[in-house]
Protein chains: 2
Amino acid sequence: MREFRSKLRILLIDDNSDHLRGVKELINLESNYEVVGTTTSAHIGINLIKKYQPDIVLMDMNMPEKDGLHAIQDIEKLELNTKVIALSGYDDADLIFRAMKIGAKGYVLKTMASAQLIYAIDEVAAGKIYLPSVLSSRFFEYFQNTFKEETKLSESENLLYQLTSREEEVLDLLTQGNNYKGIAKKLFISETTVKTHVNNIFQKLQVNDRTQAVLYALNNGFANKRKAKMAV
Amino acid sequence: MREFRSKLRILLIDDNSDHLRGVKELINLESNYEVVGTTTSAHIGINLIKKYQPDIVLMDMNMPEKDGLHAIQDIEKLELNTKVIALSGYDDADLIFRAMKIGAKGYVLKTMASAQLIYAIDEVAAGKIYLPSVLSSRFFEYFQNTFKEETKLSESENLLYQLTSREEEVLDLLTQGNNYKGIAKKLFISETTVKTHVNNIFQKLQVNDRTQAVLYALNNGFANKRKAKMAV
DNA sequence: ACAAATATCAATCCATAGATTTACGCCAAT
DNA sequence: ATTGGCGTAAATCTATGGATTGATATTTGT
(Lines give C-alpha, C1' and ligand atoms only; values in the text may rest on other atoms or scores of the structure.)
Protein backbone atom coordinates (compact mmCIF):
# COMPACT_ATOMS: atom_id res chain seq x y z
CA MET A 1 0.00 0.00 0.00
CA ARG A 2 2.60 2.46 1.12
CA GLU A 3 5.22 3.66 -1.32
CA PHE A 4 8.60 2.14 -0.93
CA ARG A 5 11.07 4.50 0.71
CA SER A 6 8.52 7.28 1.16
CA LYS A 7 8.03 8.55 4.66
CA LEU A 8 5.07 7.57 6.75
CA ARG A 9 2.71 10.52 6.70
CA ILE A 10 1.10 11.36 10.00
CA LEU A 11 -1.60 13.82 11.05
CA LEU A 12 -2.10 14.91 14.64
CA ILE A 13 -5.42 15.97 16.13
CA ASP A 14 -5.45 17.10 19.74
CA ASP A 15 -7.15 20.05 21.34
CA ASN A 16 -4.26 20.45 23.75
CA SER A 17 -1.74 22.43 21.73
CA ASP A 18 1.06 21.72 24.18
CA HIS A 19 0.65 18.01 23.83
CA LEU A 20 0.29 18.47 20.12
CA ARG A 21 3.66 20.18 19.91
CA GLY A 22 5.31 17.57 22.10
CA VAL A 23 4.11 14.66 20.02
CA LYS A 24 5.06 16.41 16.84
CA GLU A 25 8.63 16.88 18.00
CA LEU A 26 8.76 13.30 19.22
CA ILE A 27 7.64 11.99 15.88
CA ASN A 28 9.93 14.23 13.90
CA LEU A 29 12.85 12.66 15.71
CA GLU A 30 12.10 9.52 13.76
CA SER A 31 13.63 9.82 10.33
CA ASN A 32 11.03 7.68 8.61
CA TYR A 33 8.04 9.67 9.83
CA GLU A 34 6.66 12.93 8.61
CA VAL A 35 4.02 15.03 10.33
CA VAL A 36 1.89 16.40 7.49
CA GLY A 37 -0.30 18.50 9.72
CA THR A 38 -1.49 19.27 13.21
CA THR A 39 -4.72 20.76 14.43
CA THR A 40 -6.62 21.29 17.64
CA SER A 41 -9.97 20.97 15.91
CA ALA A 42 -11.60 17.71 14.92
CA HIS A 43 -13.60 19.46 12.20
CA ILE A 44 -10.52 20.94 10.61
CA GLY A 45 -8.83 17.59 11.09
CA ILE A 46 -11.38 15.84 8.90
CA ASN A 47 -10.75 18.34 6.13
CA LEU A 48 -6.99 17.96 6.44
CA ILE A 49 -7.41 14.21 6.13
CA LYS A 50 -9.43 14.59 2.96
CA LYS A 51 -6.75 16.86 1.60
CA TYR A 52 -3.57 15.03 2.61
CA GLN A 53 -4.81 11.47 3.01
CA PRO A 54 -2.21 10.67 5.66
CA ASP A 55 -1.20 7.09 6.48
CA ILE A 56 -1.82 7.53 10.17
CA VAL A 57 -3.94 9.85 12.27
CA LEU A 58 -3.26 10.26 15.96
CA MET A 59 -6.60 11.25 17.42
CA ASP A 60 -7.10 12.63 20.88
CA MET A 61 -10.21 11.14 22.43
CA ASN A 62 -10.98 13.80 25.00
CA MET A 63 -11.98 16.85 23.04
CA PRO A 64 -14.84 19.23 23.70
CA GLU A 65 -16.48 20.39 20.48
CA LYS A 66 -16.60 17.14 18.56
CA ASP A 67 -15.44 14.14 20.50
CA GLY A 68 -12.87 11.70 19.25
CA LEU A 69 -15.35 8.88 18.72
CA HIS A 70 -17.43 10.80 16.24
CA ALA A 71 -14.31 12.10 14.56
CA ILE A 72 -13.07 8.55 14.07
CA GLN A 73 -16.44 7.56 12.70
CA ASP A 74 -16.31 10.39 10.20
CA ILE A 75 -12.84 9.36 9.14
CA GLU A 76 -13.91 5.75 8.66
CA LYS A 77 -16.77 6.89 6.50
CA LEU A 78 -14.31 8.44 4.10
CA GLU A 79 -13.08 4.93 3.36
CA LEU A 80 -9.51 6.01 2.81
CA ASN A 81 -6.47 4.01 3.76
CA THR A 82 -5.93 6.32 6.68
CA LYS A 83 -5.53 4.44 9.94
CA VAL A 84 -6.53 5.98 13.21
CA ILE A 85 -4.70 5.53 16.48
CA ALA A 86 -6.62 6.84 19.46
CA LEU A 87 -4.81 8.79 22.15
CA SER A 88 -6.34 9.20 25.54
CA GLY A 89 -5.44 10.28 29.01
CA TYR A 90 -7.41 7.54 30.72
CA ASP A 91 -7.86 3.82 30.30
CA ASP A 92 -11.63 4.09 30.20
CA ALA A 93 -12.77 0.62 29.12
CA ASP A 94 -15.96 1.88 27.56
CA LEU A 95 -14.10 4.42 25.47
CA ILE A 96 -11.52 1.87 24.36
CA PHE A 97 -14.25 -0.56 23.43
CA ARG A 98 -16.18 1.96 21.40
CA ALA A 99 -13.12 3.31 19.66
CA MET A 100 -12.04 -0.17 18.59
CA LYS A 101 -15.56 -1.01 17.57
CA ILE A 102 -15.84 1.83 15.12
CA GLY A 103 -12.50 1.07 13.55
CA ALA A 104 -9.56 2.55 15.47
CA LYS A 105 -6.45 0.54 14.65
CA GLY A 106 -4.72 1.29 17.90
CA TYR A 107 -5.18 2.92 21.28
CA VAL A 108 -2.36 4.42 23.32
CA LEU A 109 -2.38 6.28 26.60
CA LYS A 110 -0.74 9.66 26.75
CA THR A 111 1.01 8.57 29.91
CA MET A 112 2.77 5.76 28.14
CA ALA A 113 6.42 5.99 27.18
CA SER A 114 7.04 7.62 23.85
CA ALA A 115 8.67 4.41 22.62
CA GLN A 116 5.32 2.72 22.98
CA LEU A 117 3.67 5.29 20.76
CA ILE A 118 6.35 4.85 18.11
CA TYR A 119 5.93 1.10 18.32
CA ALA A 120 2.18 1.43 17.96
CA ILE A 121 2.59 3.58 14.89
CA ASP A 122 4.92 1.04 13.33
CA GLU A 123 2.59 -1.84 14.01
CA VAL A 124 -0.46 -0.07 12.71
CA ALA A 125 1.37 1.18 9.66
CA ALA A 126 2.28 -2.44 8.99
CA GLY A 127 -1.42 -3.26 8.84
CA LYS A 128 -1.77 -4.71 12.30
CA ILE A 129 -4.00 -3.64 15.11
CA TYR A 130 -2.20 -2.58 18.23
CA LEU A 131 -3.42 -2.43 21.80
CA PRO A 132 -0.95 -2.36 24.69
CA SER A 133 -1.56 -5.36 26.88
CA VAL A 134 -2.94 -3.27 29.72
CA LEU A 135 -5.59 -1.81 27.47
CA SER A 136 -6.15 -5.12 25.77
CA SER A 137 -6.97 -6.63 29.14
CA ARG A 138 -9.39 -3.85 29.92
CA PHE A 139 -10.98 -4.21 26.55
CA PHE A 140 -11.58 -7.91 27.00
CA GLU A 141 -13.04 -7.53 30.44
CA TYR A 142 -15.49 -5.02 29.08
CA PHE A 143 -16.15 -7.15 26.04
CA GLN A 144 -16.95 -10.19 28.11
CA ASN A 145 -19.18 -8.27 30.46
CA THR A 146 -21.12 -6.92 27.53
CA PHE A 147 -21.91 -10.40 26.38
CA LYS A 148 -22.23 -12.12 29.71
CA GLU A 149 -25.93 -11.40 30.14
CA GLU A 150 -26.72 -12.66 26.70
CA THR A 151 -25.13 -15.98 27.39
CA LYS A 152 -26.29 -16.62 30.89
CA LEU A 153 -29.78 -17.76 30.09
CA SER A 154 -29.56 -21.52 30.35
CA GLU A 155 -31.33 -23.70 27.88
CA SER A 156 -33.86 -24.79 30.43
CA GLU A 157 -35.07 -21.29 31.20
CA ASN A 158 -34.99 -20.08 27.63
CA LEU A 159 -38.56 -20.44 26.50
CA LEU A 160 -37.45 -20.66 22.88
CA TYR A 161 -36.45 -24.24 23.51
CA GLN A 162 -40.07 -25.21 23.98
CA LEU A 163 -40.94 -24.37 20.41
CA THR A 164 -41.41 -27.09 17.85
CA SER A 165 -39.39 -26.85 14.68
CA ARG A 166 -42.37 -25.60 12.74
CA GLU A 167 -43.01 -22.94 15.29
CA GLU A 168 -39.40 -21.89 15.00
CA GLU A 169 -39.85 -21.46 11.28
CA VAL A 170 -42.90 -19.33 11.84
CA LEU A 171 -41.17 -17.26 14.48
CA ASP A 172 -38.24 -16.79 12.16
CA LEU A 173 -40.55 -15.33 9.54
CA LEU A 174 -42.15 -13.16 12.18
CA THR A 175 -38.75 -11.75 13.06
CA GLN A 176 -38.42 -10.76 9.45
CA GLY A 177 -41.50 -8.60 9.61
CA ASN A 178 -43.98 -10.89 7.86
CA ASN A 179 -47.71 -10.87 8.57
CA TYR A 180 -49.95 -13.92 8.58
CA LYS A 181 -50.56 -13.80 4.86
CA GLY A 182 -46.87 -13.55 4.07
CA ILE A 183 -45.98 -16.44 6.32
CA ALA A 184 -48.76 -18.62 4.93
CA LYS A 185 -47.54 -17.99 1.41
CA LYS A 186 -43.93 -18.72 2.25
CA LEU A 187 -44.66 -21.93 4.09
CA PHE A 188 -47.37 -23.08 1.64
CA ILE A 189 -49.92 -23.50 4.39
CA SER A 190 -53.17 -21.75 5.14
CA GLU A 191 -53.38 -18.50 7.03
CA THR A 192 -55.41 -20.13 9.78
CA THR A 193 -52.69 -22.67 10.38
CA VAL A 194 -50.21 -19.86 10.73
CA LYS A 195 -52.51 -18.26 13.26
CA THR A 196 -52.60 -21.50 15.20
CA HIS A 197 -48.83 -21.69 15.26
CA VAL A 198 -48.46 -18.08 16.22
CA ASN A 199 -50.93 -18.47 19.04
CA ASN A 200 -49.02 -21.46 20.31
CA ILE A 201 -45.83 -19.43 20.12
CA PHE A 202 -47.43 -16.68 22.18
CA GLN A 203 -48.43 -19.17 24.85
CA LYS A 204 -45.00 -20.74 25.02
CA LEU A 205 -43.11 -17.46 25.08
CA GLN A 206 -45.66 -15.96 27.46
CA VAL A 207 -46.22 -12.88 25.37
CA ASN A 208 -49.30 -11.09 24.05
CA ASP A 209 -48.50 -10.10 20.51
CA ARG A 210 -46.15 -10.57 17.60
CA THR A 211 -43.93 -7.64 18.51
CA GLN A 212 -43.24 -9.02 21.94
CA ALA A 213 -42.61 -12.44 20.44
CA VAL A 214 -40.09 -10.97 18.02
CA LEU A 215 -38.38 -9.04 20.80
CA TYR A 216 -38.20 -12.13 22.96
CA ALA A 217 -36.67 -14.06 20.12
CA LEU A 218 -34.06 -11.43 19.36
CA ASN A 219 -33.13 -10.93 22.97
CA ASN A 220 -32.80 -14.59 23.72
CA GLY A 221 -30.47 -15.83 21.10
CA PHE A 222 -32.81 -16.67 18.30
CA ALA A 223 -30.43 -17.16 15.41
CA ASN A 224 -31.56 -14.55 13.01
CA LYS A 225 -29.28 -14.07 10.11
CA ARG A 226 -29.52 -10.34 10.15
CA LYS A 227 -27.41 -10.09 13.28
CA ALA A 228 -29.62 -8.14 15.66
CA LYS A 229 -27.30 -10.07 17.86
CA MET A 230 -24.43 -12.37 17.19
CA ALA A 231 -24.83 -16.03 17.82
CA VAL A 232 -22.24 -17.80 19.93
CA MET B 1 -8.79 -15.83 45.76
CA ARG B 2 -6.06 -18.40 45.56
CA GLU B 3 -4.52 -19.70 48.72
CA PHE B 4 -1.13 -18.32 49.54
CA ARG B 5 1.65 -20.76 48.80
CA SER B 6 -0.71 -23.40 47.49
CA LYS B 7 -0.06 -24.70 44.02
CA LEU B 8 -2.08 -23.54 41.04
CA ARG B 9 -4.49 -26.35 40.25
CA ILE B 10 -4.91 -27.13 36.58
CA LEU B 11 -7.21 -29.43 34.65
CA LEU B 12 -6.54 -30.54 31.09
CA ILE B 13 -9.21 -31.40 28.53
CA ASP B 14 -8.06 -32.57 25.12
CA ASP B 15 -9.30 -35.41 23.01
CA ASN B 16 -5.80 -36.04 21.74
CA SER B 17 -4.25 -38.14 24.49
CA ASP B 18 -0.72 -37.66 23.16
CA HIS B 19 -1.02 -33.93 23.37
CA LEU B 20 -2.65 -34.31 26.73
CA ARG B 21 0.32 -36.23 28.08
CA GLY B 22 2.78 -33.77 26.62
CA VAL B 23 1.11 -30.77 28.18
CA LYS B 24 0.82 -32.53 31.49
CA GLU B 25 4.53 -33.23 31.61
CA LEU B 26 5.29 -29.71 30.54
CA ILE B 27 3.19 -28.27 33.32
CA ASN B 28 4.52 -30.63 35.95
CA LEU B 29 7.97 -29.26 35.24
CA GLU B 30 6.81 -26.06 36.85
CA SER B 31 7.04 -26.38 40.59
CA ASN B 32 4.14 -24.07 41.34
CA TYR B 33 1.64 -25.90 39.16
CA GLU B 34 -0.28 -29.05 39.80
CA VAL B 35 -2.30 -31.00 37.26
CA VAL B 36 -5.34 -32.19 39.15
CA GLY B 37 -6.78 -34.16 36.29
CA THR B 38 -6.75 -34.90 32.60
CA THR B 39 -9.45 -36.19 30.32
CA THR B 40 -10.17 -36.64 26.64
CA SER B 41 -13.89 -36.07 27.12
CA ALA B 42 -15.54 -32.72 27.51
CA HIS B 43 -18.47 -34.30 29.37
CA ILE B 44 -16.22 -35.94 31.90
CA GLY B 45 -14.24 -32.72 32.08
CA ILE B 46 -17.29 -30.80 33.27
CA ASN B 47 -17.80 -33.27 36.06
CA LEU B 48 -14.15 -33.14 37.06
CA ILE B 49 -14.40 -29.38 37.24
CA LYS B 50 -17.40 -29.59 39.54
CA LYS B 51 -15.50 -32.01 41.71
CA TYR B 52 -12.07 -30.41 41.88
CA GLN B 53 -12.86 -26.78 41.11
CA PRO B 54 -9.45 -26.18 39.54
CA ASP B 55 -8.00 -22.69 39.15
CA ILE B 56 -7.33 -23.13 35.46
CA VAL B 57 -8.75 -25.35 32.72
CA LEU B 58 -6.87 -25.84 29.49
CA MET B 59 -9.56 -26.64 26.97
CA ASP B 60 -8.93 -28.04 23.53
CA MET B 61 -11.21 -26.36 21.03
CA ASN B 62 -11.24 -28.98 18.33
CA MET B 63 -13.04 -31.94 19.79
CA PRO B 64 -15.66 -34.13 18.16
CA GLU B 65 -18.37 -35.13 20.61
CA LYS B 66 -18.94 -31.85 22.40
CA ASP B 67 -17.00 -28.95 20.99
CA GLY B 68 -14.86 -26.68 23.06
CA LEU B 69 -17.19 -23.72 22.75
CA HIS B 70 -20.10 -25.46 24.35
CA ALA B 71 -17.86 -26.93 26.98
CA ILE B 72 -16.62 -23.46 27.90
CA GLN B 73 -20.18 -22.25 28.04
CA ASP B 74 -21.09 -25.05 30.41
CA ILE B 75 -18.14 -24.24 32.61
CA GLU B 76 -19.07 -20.56 32.73
CA LYS B 77 -22.57 -21.49 33.77
CA LEU B 78 -21.19 -23.16 36.86
CA GLU B 79 -20.07 -19.72 38.01
CA LEU B 80 -16.98 -21.03 39.74
CA ASN B 81 -13.67 -19.24 39.89
CA THR B 82 -12.31 -21.61 37.32
CA LYS B 83 -10.70 -19.80 34.42
CA VAL B 84 -10.60 -21.32 30.99
CA ILE B 85 -7.73 -21.03 28.56
CA ALA B 86 -8.59 -22.25 25.09
CA LEU B 87 -6.11 -24.36 23.17
CA SER B 88 -6.40 -24.70 19.46
CA GLY B 89 -4.44 -25.87 16.50
CA TYR B 90 -5.50 -23.04 14.24
CA ASP B 91 -5.83 -19.30 14.52
CA ASP B 92 -9.41 -19.33 13.31
CA ALA B 93 -10.62 -15.78 13.96
CA ASP B 94 -14.24 -16.82 14.32
CA LEU B 95 -13.38 -19.43 16.91
CA ILE B 96 -11.18 -17.04 18.84
CA PHE B 97 -13.91 -14.42 18.80
CA ARG B 98 -16.58 -16.78 20.01
CA ALA B 99 -14.38 -18.31 22.69
CA MET B 100 -13.53 -14.90 24.11
CA LYS B 101 -17.13 -13.83 23.85
CA ILE B 102 -18.40 -16.62 26.04
CA GLY B 103 -15.76 -16.04 28.66
CA ALA B 104 -12.44 -17.73 27.85
CA LYS B 105 -9.69 -15.91 29.71
CA GLY B 106 -7.00 -16.82 27.24
CA TYR B 107 -6.36 -18.46 23.91
CA VAL B 108 -3.12 -20.15 22.95
CA LEU B 109 -2.13 -22.05 19.84
CA LYS B 110 -0.76 -25.54 20.24
CA THR B 111 2.02 -24.61 17.87
CA MET B 112 3.26 -21.88 20.17
CA ALA B 113 6.32 -22.33 22.32
CA SER B 114 5.67 -23.96 25.65
CA ALA B 115 6.98 -20.86 27.39
CA GLN B 116 4.06 -18.96 25.91
CA LEU B 117 1.59 -21.39 27.42
CA ILE B 118 3.22 -21.08 30.81
CA TYR B 119 3.15 -17.33 30.51
CA ALA B 120 -0.53 -17.41 29.56
CA ILE B 121 -1.32 -19.54 32.59
CA ASP B 122 0.49 -17.13 34.86
CA GLU B 123 -1.26 -14.11 33.43
CA VAL B 124 -4.70 -15.69 33.60
CA ALA B 125 -4.09 -17.00 37.10
CA ALA B 126 -3.24 -13.44 38.07
CA GLY B 127 -6.70 -12.38 36.94
CA LYS B 128 -5.74 -10.98 33.57
CA ILE B 129 -6.95 -11.92 30.17
CA TYR B 130 -4.26 -13.13 27.86
CA LEU B 131 -4.20 -13.25 24.08
CA PRO B 132 -0.89 -13.50 22.23
CA SER B 133 -0.50 -10.48 19.98
CA VAL B 134 -0.95 -12.54 16.82
CA LEU B 135 -4.32 -13.78 18.01
CA SER B 136 -5.20 -10.42 19.43
CA SER B 137 -4.72 -8.92 16.01
CA ARG B 138 -6.90 -11.55 14.41
CA PHE B 139 -9.51 -11.04 17.04
CA PHE B 140 -9.69 -7.31 16.45
CA GLU B 141 -9.88 -7.65 12.71
CA TYR B 142 -12.81 -9.97 13.13
CA PHE B 143 -14.34 -7.78 15.78
CA GLN B 144 -14.18 -4.71 13.60
CA ASN B 145 -15.58 -6.51 10.60
CA THR B 146 -18.49 -7.72 12.66
CA PHE B 147 -19.42 -4.18 13.52
CA LYS B 148 -18.48 -2.50 10.30
CA GLU B 149 -21.86 -3.00 8.67
CA GLU B 150 -23.67 -1.65 11.66
CA THR B 151 -21.67 1.52 11.64
CA LYS B 152 -21.52 2.21 7.96
CA LEU B 153 -25.03 3.49 7.57
CA SER B 154 -24.48 7.21 7.34
CA GLU B 155 -26.77 9.55 9.14
CA SER B 156 -28.28 10.75 5.91
CA GLU B 157 -29.47 7.33 4.84
CA ASN B 158 -30.59 6.19 8.25
CA LEU B 159 -34.27 6.91 8.28
CA LEU B 160 -34.30 7.05 12.06
CA TYR B 161 -32.76 10.49 11.85
CA GLN B 162 -35.94 11.84 10.32
CA LEU B 163 -37.93 11.14 13.45
CA THR B 164 -38.86 13.92 15.81
CA SER B 165 -37.92 13.50 19.44
CA ARG B 166 -41.47 12.63 20.38
CA GLU B 167 -41.59 10.03 17.68
CA GLU B 168 -38.37 8.58 19.02
CA GLU B 169 -39.95 8.26 22.43
CA VAL B 170 -42.91 6.47 20.94
CA LEU B 171 -40.69 4.17 18.89
CA ASP B 172 -38.66 3.43 21.98
CA LEU B 173 -41.79 2.27 23.76
CA LEU B 174 -42.74 0.24 20.71
CA THR B 175 -39.39 -1.52 20.87
CA GLN B 176 -40.26 -2.50 24.40
CA GLY B 177 -43.36 -4.30 23.28
CA ASN B 178 -46.01 -1.75 24.27
CA ASN B 179 -49.32 -1.40 22.49
CA TYR B 180 -51.14 1.88 21.84
CA LYS B 181 -52.84 1.88 25.20
CA GLY B 182 -49.62 1.27 27.08
CA ILE B 183 -47.78 4.01 25.24
CA ALA B 184 -50.60 6.48 25.76
CA LYS B 185 -50.57 5.78 29.48
CA LYS B 186 -46.83 6.11 29.77
CA LEU B 187 -46.62 9.37 27.85
CA PHE B 188 -49.78 10.82 29.41
CA ILE B 189 -51.36 11.47 26.03
CA SER B 190 -54.40 10.05 24.30
CA GLU B 191 -54.37 6.83 22.37
CA THR B 192 -55.29 8.61 19.17
CA THR B 193 -52.26 10.84 19.49
CA VAL B 194 -50.10 7.79 19.81
CA LYS B 195 -51.69 6.41 16.69
CA THR B 196 -50.84 9.59 14.86
CA HIS B 197 -47.23 9.40 15.95
CA VAL B 198 -46.97 5.75 15.08
CA ASN B 199 -48.43 6.38 11.66
CA ASN B 200 -45.92 9.12 11.06
CA ILE B 201 -43.17 6.76 12.16
CA PHE B 202 -44.37 4.17 9.66
CA GLN B 203 -44.27 6.72 6.88
CA LYS B 204 -40.80 7.92 7.77
CA LEU B 205 -39.32 4.46 8.18
CA GLN B 206 -41.20 3.19 5.13
CA VAL B 207 -42.70 0.21 6.91
CA ASN B 208 -46.19 -1.20 7.21
CA ASP B 209 -46.61 -2.22 10.82
CA ARG B 210 -45.19 -1.97 14.30
CA THR B 211 -43.13 -5.13 14.06
CA GLN B 212 -41.30 -3.89 11.00
CA ALA B 213 -40.79 -0.55 12.68
CA VAL B 214 -39.28 -2.23 15.72
CA LEU B 215 -37.03 -4.37 13.55
CA TYR B 216 -35.89 -1.35 11.59
CA ALA B 217 -35.10 0.44 14.81
CA LEU B 218 -33.10 -2.43 16.26
CA ASN B 219 -31.19 -3.07 13.07
CA ASN B 220 -30.27 0.53 12.56
CA GLY B 221 -28.72 1.55 15.77
CA PHE B 222 -31.70 2.68 17.75
CA ALA B 223 -30.35 2.93 21.27
CA ASN B 224 -32.43 0.45 23.09
CA LYS B 225 -31.29 -0.22 26.59
CA ARG B 226 -31.67 -3.92 26.31
CA LYS B 227 -28.87 -3.88 23.78
CA ALA B 228 -30.18 -6.04 20.98
CA LYS B 229 -27.25 -4.20 19.59
CA MET B 230 -24.68 -2.05 21.27
CA ALA B 231 -24.67 1.65 20.62
CA VAL B 232 -21.45 3.32 19.57
C1' DA C 1 -43.53 38.76 13.75
C1' DC C 2 -44.54 35.07 10.77
C1' DA C 3 -44.15 30.60 8.53
C1' DA C 4 -43.14 25.95 9.26
C1' DA C 5 -42.70 22.09 12.02
C1' DT C 6 -44.35 19.70 15.97
C1' DA C 7 -47.55 17.83 19.35
C1' DT C 8 -51.94 17.20 20.50
C1' DC C 9 -56.80 15.08 19.78
C1' DA C 10 -61.23 13.22 17.45
C1' DA C 11 -64.03 10.57 14.39
C1' DT C 12 -64.43 7.08 11.28
C1' DC C 13 -63.61 2.93 8.72
C1' DC C 14 -61.59 -1.30 7.23
C1' DA C 15 -58.07 -4.73 7.80
C1' DT C 16 -55.46 -7.47 10.54
C1' DA C 17 -54.39 -9.62 14.71
C1' DG C 18 -55.43 -12.60 18.41
C1' DA C 19 -58.43 -16.06 21.28
C1' DT C 20 -60.97 -20.13 21.36
C1' DT C 21 -62.88 -24.40 20.03
C1' DT C 22 -63.03 -28.35 17.32
C1' DA C 23 -61.16 -31.75 14.28
C1' DC C 24 -58.37 -34.89 11.44
C1' DG C 25 -54.26 -37.46 9.68
C1' DC C 26 -49.51 -38.70 10.76
C1' DC C 27 -45.81 -40.44 13.25
C1' DA C 28 -43.22 -42.03 17.11
C1' DA C 29 -42.93 -44.06 21.44
C1' DT C 30 -44.63 -47.59 24.65
C1' DA D 1 -52.73 -51.00 19.38
C1' DT D 2 -52.97 -46.87 21.62
C1' DT D 3 -51.61 -42.50 23.35
C1' DG D 4 -49.71 -38.16 22.77
C1' DG D 5 -47.46 -34.64 20.27
C1' DC D 6 -47.36 -32.32 15.98
C1' DG D 7 -48.96 -30.08 11.80
C1' DT D 8 -52.70 -29.01 9.44
C1' DA D 9 -57.27 -26.47 8.96
C1' DA D 10 -61.92 -24.00 9.67
C1' DA D 11 -65.24 -21.16 11.97
C1' DT D 12 -66.26 -17.46 14.73
C1' DC D 13 -65.77 -13.47 17.51
C1' DT D 14 -63.69 -9.44 19.62
C1' DA D 15 -59.97 -6.43 20.12
C1' DT D 16 -56.40 -4.02 18.26
C1' DG D 17 -54.04 -2.00 14.64
C1' DG D 18 -53.56 1.11 10.87
C1' DA D 19 -55.19 4.81 7.29
C1' DT D 20 -57.23 9.11 6.56
C1' DT D 21 -58.96 13.62 7.27
C1' DG D 22 -59.23 17.57 9.71
C1' DA D 23 -58.46 20.65 13.51
C1' DT D 24 -55.94 23.44 17.19
C1' DA D 25 -52.19 24.97 20.19
C1' DT D 26 -47.31 25.41 20.79
C1' DT D 27 -42.67 25.76 19.52
C1' DT D 28 -38.92 26.94 16.62
C1' DG D 29 -36.32 29.20 13.26
C1' DT D 30 -35.27 33.34 10.69
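About the cut-offs
Residues numbered from 1 in each chain as written. Chains lettered and ligands numbered in written order. Predicted model: local features only at pLDDT ≥ 70, side-chain atom pairs only at ≥ 80, totals over all residues. Heavy atoms only, no water. Near = heavy atom within 4 Å. Polar contact = N/O pair within 3.5 Å; in protein donor to acceptor, adjacent residues only side chain to side chain. Helix = DSSP H or I, 4+ residues; strand = E, 2+ residues; numbered from the N terminus. Nonpolar A, V, L, I, M, F, W, Y, C, P; charged D, E, K, R; others polar. Axes fitted to C-alpha atoms, helices over the stretch in contact; angles between N-to-C directions. Parallel < 35°, antiparallel > 145°, perpendicular 65-115°, else oblique. Left-handed = near helix turned anticlockwise from the far one by under 90°. Contact = heavy atoms within 4.5 Å. Phe/Tyr/Trp six-rings, centres within 6.5 Å; stacked < 30°, edge-to-face > 60°. Buried < 20%, exposed > 50% of the residue type's maximum accessible area, 1.4 Å probe, protein only. 1 Å grid on protein atoms, 1.4 Å probe; cavity = no way out; pocket = protein on both sides within 12 Å on 5 of 7 lines; lining within 4 Å. Points joined across faces, edges and corners; volume = space filled by probe spheres on them. Salt bridge = Lys/Arg side-chain N within 4 Å of Asp/Glu carboxyl O. Arc of directions from axis to C-beta. Pairing = 2+ DSSP bridges.

Draft legend 1. Expanded view of the protein's contact with DNA strand D. As a structural note, the neighbourhood of DNA strand D is formed by 18 residues, with Thr164, Arg166 and Ser190 of chain A together with Asn199 and Arg210 of chain B the closest of them. Counting only atoms of DNA strand D within 4 Å of the protein, the sugar-phosphate share comes to 71%. Between DNA strand D and Thr193 of chain A, the relevant distance is 3.0 Å, taken from a phosphate oxygen to a side-chain nitrogen or oxygen of the residue. Counting residues per element, the ones that place at least two in the surface near DNA strand D are helix H7 (165-174) and helix H9 (191-205) of chain A together with helix H8 (180-187) and helix H9 (191-205) of chain B. When residues of the surface near DNA strand D are assigned to their parent elements, the largest contribution, 4 residues, is made by H9 of chain A. Residue composition of the surface near DNA strand D, by class: 3 nonpolar, 10 polar and 5 charged.

Draft legend 2. Quick peek at the packing of helix H7 (residues 165-174) of chain B against H8 of chain B. All names here are of chain B. Running from amino to carboxyl end, H7 crosses H8 at an angle of 130 degrees, the nearest separation of the two axes being 10 Å. In this view, H7 runs oblique relative to H8, as classed from their interaxial angle. Viewed along their axes, H7 and H8 form a crossing whose handedness is right-handed. Judged by residue contacts, Arg166, Glu169, Val170, Leu173 and Leu174 of H7 engage Ile183, Lys186 and Leu187 from H8. Among the residues making up the contact of H7 with H8, the classes are represented as 5 nonpolar, no polar and 3 charged.

Draft legend 3. Structural context of the packing of aromatic side chains. Residues and elements named next belong to chain A. For the structure shown, the criterion picks out 21 aromatic pairs over all chains. With 5.2 Å between their ring centres and 80 degrees between their planes, Tyr119 and Tyr130 make a pair best called edge-to-face. Note that Tyr119 is positioned in helix H5 (residues 114-125) and Tyr130 in the loop between H5 and helix H6 (133-152), a separation of 11 residues in sequence. Judged by its relative accessible area of 42%, Tyr119 is partly exposed. Judged by relative accessible area, Tyr130 falls into the buried class, the value being 12%.

Draft legend 4. Empty space enclosed by the protein, seen in detail. Residue and element names in this part refer to chain A. The tally for this structure, following the rule as stated, stands at 3 cavities of 30 Å³ or more. Put simply, the second largest cavity is a space of about 40 Å³. Surrounding the second largest cavity, Leu12, Ile13, Asp14, His19, Leu20, Val23, Leu58 and Leu87 form its lining. Put simply, the parts of the chain that give the lining of the second largest cavity at least two residues each are strand E1 (8-13) and helix H1 (17-28).

Draft legend 5. Representation of the protein's contact with DNA strand C in the model. Looking at DNA strand C, there are 18 residues lining it, with Asn199 of chain A together with Thr164, Arg166, Ser190 and His197 of chain B nearest. Taking all atoms of DNA strand C within 4 Å of the protein, the share assigned to sugar and phosphate is 70%. One of the backbone N or O atoms of Ser190 of chain B is found 2.6 Å from a phosphate oxygen in DNA strand C. Thr196 of chain B is positioned with one of its side-chain polar atoms (N or O) 3.3 Å from a base nitrogen of DNA strand C. Elements supplying a minimum of two residues to the surface near DNA strand C: helix H8 (180-187) and H9 of chain A together with H7 and H9 of chain B. With 4 residues, the top contributor of residues to the surface near DNA strand C is H9 of chain B. Taken together, the residues of the surface near DNA strand C sort by class into 3 nonpolar, 10 polar and 5 charged.

Draft legend 6. Just the pattern of salt bridges, in detail. Residues and elements named next belong to chain A. On inspection of all chains with the given rule, the structure shows 18 salt bridges over all chains. Lys110 is the salt-bridge partner of Asp14, the closest N and O atoms lying 3.3 Å from each other. With a gap of 96 residues between them, Asp14 in the loop between E1 and H1 and Lys110 in the loop between strand E5 (106-109) and H5 connect regions that are remote in the sequence. Residue classification places Lys110 among the partly exposed residues on the basis of a relative accessible area of 28%. One salt bridge connects Lys77 with Asp74, and the closest N-O pair in it is separated by 3.8 Å.

Draft legend 7. Structural detail: helix H2 (residues 42-52) of chain B. Residue and element names in this part refer to chain B. Buried residues of H2: Ala42, Gly45, Ile46, Leu48 and Ile49, and no others. With its buried residues spanning 165 degrees around the axis, H2 presents them on a single face. Its buried side turned inward, H2 meets strand E1 (8-13), strand E2 (33-39), strand E3 (56-60) and helix H3 (68-78). One or two steps after H2, the chain reaches Gln53, where phi turns positive at roughly 45 degrees.

Draft legend 8. Structural context of the sheet that holds strand E2 (residues 33-39) of chain A. Residues and elements named next belong to chain A. Pairing within the open sheet is parallel, and its 5 strands lie in the order E2-E1-E3-E4-E5. Each having just a single partner strand, E2 and E5 make up the two edges of the open sheet. On average, each strand axis in the sheet is tilted by 25 degrees relative to the strand beside it, whichever way the strands run. Strand direction decides the pairing type here: E1 and E2, joined by 6 bridges, are parallel. Each bridged residue has a counterpart across the sheet, and for Ile13 the counterpart in E2 is Thr39. Packing against the sheet, helix H2 (residues 42-52) makes contact with E1, E2 and strand E3 (56-60), and its axis sits at approximately 165 degrees to E1.

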